[in-house]
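Working through the structure, step by step
Listed below, chain by chain, are the residues.
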Amino acid sequence: MKHSSIPRAETPPAKAPAFPGSERQIEFVGPPGVGKSAIYHAVQTRLERRHSYRTVQEGRLLAAMANLDRVSPLRRISYRSAFRLPRIGEVYARRLAVTSMEDSFRHTLRSQADFLECCIELARTGVGDAFARFARLPIMLEHLRDLHLWNRLPGAVQILQQDALVQKGWTCARQLREAYFSSVPKPGAVVVVTARPEVVVERLRGRERRINAHTDLSPSELHAATTSAAEAFQLGAELLRARGVPVLEVDGEADLPEAAEQVAEFLRNRVLQQEGN
């Protein structure tokens, strides 16, 4: 197989193949160090009474509960007991949800050839050394599994997620970014957190541990990587909007309560719009 066969998309496809469950997920993205984790957690607090939005861990448990009808009554009792245990319950919930949907997940992946090809190319040419690049592949597979699980969520439940598949777009080689953002499973909405590169670099330098892609980078190289990541998300936001994905850009340098409330209002309005349709 020739990896160079991946075309650089001039325009996003009119209609990418659907990935069941992916539009249940709301992704928080931005360059590492931009402050998306702080905003993500602050938003969760503001939405805690709005049960439409859940964490990934809560989503896995809900998906597992929806699959209990597929196991024997005795195993159903065992699973319910395990679900109540901290940490262990999450492992059992995810295992049940994943194994019970394995066949349909394999079938769904067959329609995602363009995106899977991008994932392979990302591992070959993306940001970071060989370890950093190839370590992303199993992580991306797990994200795809989670998206498939959301197809089993009850009612209008939505999942808030950071560092998922859209986020991985910044680690693509420049020539792959347009194809990646044009084929990534379409989320329900995206929150893009922005900040000046120099501010992000200062935050990164204050961290005790860097991510794999930033290991051994000098300050100037870190600044260049941060600028490149910001450009990737600018392109990603443009392409996702063209695919009909609601995108909110929020200032990661703004007062945290103000930024979090801006995002929370965006998500509350989404729920109201869906309920009105």
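Anything mentioned here points back to the structure above.
Fair warning: this is a prediction, and the values are worked out from it, not measured in the lab.

In this structure, Asp163 takes a positive phi of about 55 degrees despite not being glycine. By the element assignment, Asp163 lies in the loop between β3 (158-162) and α8 (174-183).

This part covers the packing of helix α2 (residues 56-66) against helix α4 (residues 88-100). Running from amino to carboxyl end, α2 crosses α4 at an angle of 55 degrees, the nearest separation of the two axes being 8 Å. Here α4 runs oblique to α2, going by the angle between their axes. Pair α2 / α4 crosses with left-handed handedness. Between α2 and α4, the residues in contact are Gln57, Arg60, Leu61, Ala63 and Ala64 and Glu90, Ala93, Arg94, Leu96 and Ala97, respectively. Residues that form the contact of α2 with α4 fall into these classes: 6 nonpolar, 1 polar and 3 charged.

A few words on α2. The complete set of buried residues in α2 reads Val56, Gly59, Arg60, Ala63 and Ala64. The buried side chains of α2 occupy one side of the element, clustering within an arc of 135 degrees when seen end-on. Where α2 is buried, its residues meet β2 (53-54), α3 (73-83), α4, α7 (130-149) and β3.

Bringing the packing of helix α9 (residues 197-205) against helix α10 (residues 219-242) into the picture now. Relative to each other, α9 and α10 sit at 125 degrees, their axes nearing to 9 Å. As judged from the angle between their axes, α9 and α10 are oblique. α9 and α10 meet at a crossing whose hand is right-handed. Judged by residue contacts, Pro197, Glu198, Val200, Val201, Leu204 and Arg205 of α9 engage Pro219, Leu222, His223, Thr226 and Thr227 from α10.

Turning next to the pattern of salt bridges. This model, assessed by the stated rule, comprises 12 salt bridges. With its nearest N and O atoms 2.6 Å apart, the salt bridge here joins Glu253 to Arg196. Linking Glu253 in the loop between β5 (247-251) and α11 (256-276) with Arg196 in the loop between β4 (189-194) and α9, this pair joins segments that are 57 residues apart in sequence. On the basis of relative accessibility, which here comes to 30%, the residue Glu253 falls in the partly exposed class.

The rules behind these values
- Residues numbered from 1 in each chain as written.
- Predicted model: local features only at pLDDT ≥ 70, side-chain atom pairs only at ≥ 80, totals over all residues.
- Heavy atoms only, no water.
- Helix = DSSP H or I, 4+ residues; strand = E, 2+ residues; numbered from the N terminus.
- Axes fitted to C-alpha atoms, helices over the stretch in contact; angles between N-to-C directions.
- Parallel < 35°, antiparallel > 145°, perpendicular 65-115°, else oblique.
- Left-handed = near helix turned anticlockwise from the far one by under 90°.
- Contact = heavy atoms within 4.5 Å.
- Nonpolar A, V, L, I, M, F, W, Y, C, P; charged D, E, K, R; others polar.
- Buried < 20%, exposed > 50% of the residue type's maximum accessible area, 1.4 Å probe, protein only.
- Arc of directions from axis to C-beta.
- Salt bridge = Lys/Arg side-chain N within 4 Å of Asp/Glu carboxyl O.

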